[in-house]
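Letter by letter, the chains look like this.
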Amino acid sequence: MTTRHYQLRLYIAGMTPAARRAIDNLTALATDLGQQGEQVDIQVVDILQRPQLAEDERILATPVVIRKLPPPIRRVVGDLSERERVLVGLDIRDDIFDP
Amino acid sequence: MTMAHPDTAATGIQGLDFLLQGGLPLGRPSVLRGGPGTGKTIIALTFLCHGIAQGDKGVMATFDEAPEALIQHATGFGFPAEQFVREGRLQILDMRPNPDDVSGHAIELTAVMTRIDHALKTTQAQRLVVDAMDVLEGAFATDTHLRSELGRVFDWLREHQATALITVGEQDNFSARHGLEDYVADCVIALKQSLEHRVMTRLLRIVKRRGGAHGTSEFPFLLDSEGIFMIPVTGSVLSAKVSSERLSTGIPGLDAMLGGNGPYRGSTLLFSGQAGTGKTSMAAALANSACQRGEKVLYVSFEESVDELLRNQLSIGTDLGRFTGTTQAGQCLVLMPVRAVELGLEEHLMRIMRAIRKHQPDVVVLDPISSLAGRHREDHAKAMLLRLIHLIKEVGITAIATELLADDSQGVSHLDVSSMIDVWIKLRRHEDNGEMNRLITLVKARGLPISSQVKEFRFTPQGLEIEDPYMGESGIAYGTNRHALQSRDEQTLVQLREALSQALRQREELDEINAAAERLARAERDARAMAIDRNIANLERRLAMIHSAKSTVSRSRL
């Protein structure tokens with residue numbers, strides 16, 4: 001199995017409970033993927049600090065995770081509590097979690 | 001506007017600003033709601049661009065239409081939106097949801113606010129439009145927190161002190177459901193469309209206006225390629241400027257009928273008549289003479305096209321075409337052809353008023369106003385015409401209207417607008433001896449000494465001429481008949497005069513004859529008397545002779 005390199009950027013608007021959950025959920029996902037041999041980089045951007053980035057990405061709602069690499073770009077909005085949904089949304093192979 | 005509330009931001013839509021007593025509440029959020037196609041985006045854009053044109057800066061967050069489309073709309077209404085964007089005075093935030101976004105739970109709309117906040121700060125905008133906010137619901141349908149999130153947005157807007165206009169669709173009572181109207185917005189404007197007689201009318205209503213009175217009626221408005229236009233039904237200023245200046249109609253005979261100098265400036269004239277009685281020609285003649293004086297005329301033609309009108313009037317000597325060119329002072333004669341069937345009554349009214357506002361004419365011709373009444377319920381048409389005439393009168397413009405009377409109307413007007421008419425002239429046909437003549441009667445003329453005589457008018461190469469009818473032995477006569485009668489009567493006169501002089505001559509002759517006869521008789525009498533006298537003398541002499549002879553004989557016998 002080839003190793004893939006995912007670059008995910010999580011946009012939050014301040015450290016709200018939802019943002020906290022999103023960070024936790026995404027970190028857990030990255031850890032699990034790492035154990036499957038995938039490489040996942042996570043970058044967290046607070047748009048309250050960098051509003052221009054929100055504009056550039058045309059972000060409407062937070063938290064939102066954007067798959068920057070590999071293309072195509074994928075976005076999932078919410079606290080990322082439903083892992084299935086996140087994996088489908090980010091188009092990350094879910095077969096790696098199959099037993 | 002004199003009644004403007006101090007804490008308002010004008011929308012630039014005159015009628016709306018009037019209803020809002022100056023504009024939207026300054027530094028507060030207002031909601032504009034309405035179904036699809038009611039004109040929310042256009043009104044919001046106008047509010048924004050009007051402010052920018054006045055020196056404000058503006059931000060528009062669009063959830064529905066593409067920024068390019070909005071710039072196109074604004075440019076269409078005469079705002080240099082692209083230039084606004086280049087100069088940093090207008091920023092458009094593309095808030096259209098990404099259809100590929102996968103949404104989950106616990107969504108926060110802080111990003112919307114953050115982006116708007118960022119834009120407001122970088123542009124230092126005083127005005128904000130959030131267009132089609134209800135789209136958020138469609139995009140994040142799973143989220144039940146939308147209501148509280150929206151409440152947060154409005155609270156934040158109020159803190160921000162930008163004058164904000166948020167438009168929302170009517171889908172499932174979006175604004176009511178989320179409590180926008182009751183709690184969060186300081187001013188709520190509702191738009192809707194009503195369809196009547198297969199004609200669509202747009203209506204606007206001020207639902208709520210915190211800290212200010214507002215009219216509760218629905219006000220019709222116009223929305224087309226030239227932007228938005230509305231006239232408040234109520235609240236129009238009632239003091240029409242009254243002028244004592246008289247305006248010549250250009251037809252000496254008509255001026256004479258109106259006391260010598262024509263009607264007052266700013267008065268309303270109505271020419272009523274059946275088909276072919278010369279209403280349009282009368283109106284055109286008046287327009288022509290106004291143009292000759294250098295006044296501006298707006299000619300609203302409901303039946304004839306521009307070319308038809310110019311050609312038809314030229315054929316009877318009224319050359320209106322020479323005034324239609326653009327001069328330094330603008331166009332002297334603006335011809336506005338309107339197809340009566342195309343639009344609803346309100347739309348007609350507003351289009352005419354908008355044209356008046358645009359061209360600022362001295363004289364407005366409405367030819368014929370009856371074509372508006374024909375297709376609509378008559379009471380509606382009457383109400384609309386009354387308003388139209390009132391609005392025109394209000395701005396001190398002389399109005400010339402024509403009214404087509406049906407052939408079976410027996411000359412009775414059905415428009416019932418005479419209360420608004422200052423000078424009412426009836427034109428009719430007089431058919432007699434296989435000929436049609438045109439007659440003109442002054443029904444009323446407020447404040448003018450008027451002629452009560454029915455006159456005749458004719459089209460001559462020199463224009464319209466009004467003539468007194470012929471009153472002869474056998475009554476009043478018009479047209480050729482009048483000429484025939486006139487010449488017949490003249491012949492009779494000649495004959496009579498001849499007969500009279502003949503009789504006088506005879507009389508004189510008779511006197512002479514009598515005198516001569518008398519002389520003759522006297523001569524005869526004298527001659528006879530002389531003859532008798534001679535005879536008497538003769539007889540006496542003979543008697544004397546005999547007598548003397550007898551006495552001589554007797555003396556000798558003695």
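Residues numbered from 1 in each chain as written. Chains lettered and ligands numbered in written order. Predicted model: local features only at pLDDT ≥ 70, side-chain atom pairs only at ≥ 80, totals over all residues.

Naming follows an unreviewed UniProt entry, where chain B appears as non-specific serine/threonine protein kinase of Ectothiorhodospira magna.

Per an unreviewed UniProt entry, chain A goes by the name Circadian clock protein KaiB and belongs to Ectothiorhodospira magna.

## As for the interface of chain B and chain A
Listed per partner, the contact involves 24 residues of chain B and 26 residues of chain A. The set of elements that each furnish at least two residues to the side of chain B that touches chain A consists of β5 (90-94), β6 (102-103) and α5 (110-123) of chain B. Considering every element that reaches the side of chain B that touches chain A, the biggest residue donor is α5(B), with seven residues. Grouping the constituent residues of the side of chain B that touches chain A by class yields eleven nonpolar, seven polar and six charged. For strand β4 (residues 74-77) of chain A and β6(B), the ladder comprises two bridges, and the chain directions are parallel. Across the sheet, the residue bridging to A:V76 is B:V102, located in β6(B). (Contact = placed C-beta atoms within 7 Å. Helix = DSSP H or I, 4+ residues; strand = E, 2+ residues; numbered from the N terminus. Nonpolar A, V, L, I, M, F, W, Y, C, P; charged D, E, K, R; others polar. Pairing = 2+ DSSP bridges.)

## Points about the confidence of the model for chain B
All names here are of chain B. Averaged over all residues, the pLDDT of chain B is 81; the fraction at 70 or higher stands at 84%. Here residues 233-239 scores under 50 on pLDDT; set against residues more than four positions off or in separate chains, the count is seven contacts. With pTM at 0.64, the complex prediction returns an ipTM value of 0.86. (pLDDT = per-residue confidence, 0-100.)

## A look at unusual backbone geometry
Note: most residues except glycine have negative phi, and most peptide bonds are trans. Omega for the peptide link from A:L69 to A:P70 comes to -10°, which places this bond in the cis form. Here A:P70 shows up in the loop between β3 (64-69) and β4. With omega at -15°, the peptide bond leading from B:D367 into B:P368 counts as cis. Along the chain, B:P368 falls in the loop between β18 (363-367) and α14 (370-375). Positive phi, close to 60°, is recorded for A:L80, a residue that is not glycine. Considering the arrangement of structural elements, one finds A:L80 in the loop between β4 and α3 (83-89).

## Focus: the environment of B:W156
Tracing the chain through its elements places B:W156 in helix α7 (residues 146-160). Measuring from C-alpha to C-alpha, the distance between B:W156 and B:M113 comes to 8.0 Å, with 43 residues separating the pair along the chain.

## Looking at the environment of B:S301
Residue and element names in this part refer to chain B. Mapped onto the secondary structure, S301 falls in strand β14 (residues 297-301). Sequence separation of S301 and M336 is 35 residues, and the distance between their C-alpha atoms is 6.0 Å. If we ignore the near neighbours within four places in the chain, the residues touching S301 are L309, L335, M336, P337, V338 and D367.

## Quick notes on the nonpolar core
Residue and element names in this part refer to chain B. M230, A287, V297, L333, V364 and V365 are the most contacted members of the largest nonpolar core, which has 160 residues in total. Both domains that furnish three or more residues to this core are identified here as domain 1 (8-230) and domain 2 (252-468). Setting aside anything within four residues of it in sequence, one finds V364 in contact with L298, V300, I356, I392, I397 and A399. (Core = buried A, V, L, I, M, F, W, Y, C linked by C-beta atoms within 7 Å. Buried ≥ 20, exposed ≤ 12 C-beta atoms within 10 Å, placed from the backbone. Domains from an automatic or database assignment.)

## Some words on the packing of helix α2 (residues 40-53) of chain B against helix α3 (residues 67-76) of chain B
Residue and element names in this part refer to chain B. α3 packs onto α2 with a crossing angle of 70° between their chain directions and a minimal axis gap of 10 Å. Put simply, α2 runs roughly perpendicular to α3. The segment α2 lies against α3, with I42, L45 and C49 engaging L70, H73 and A74. Here the contact of α2 with α3 is built from residues that sort into five nonpolar, one polar and no charged. (Axes fitted to C-alpha atoms, helices over the stretch in contact; angles between N-to-C directions. Parallel < 35°, antiparallel > 145°, perpendicular 65-115°, else oblique.)

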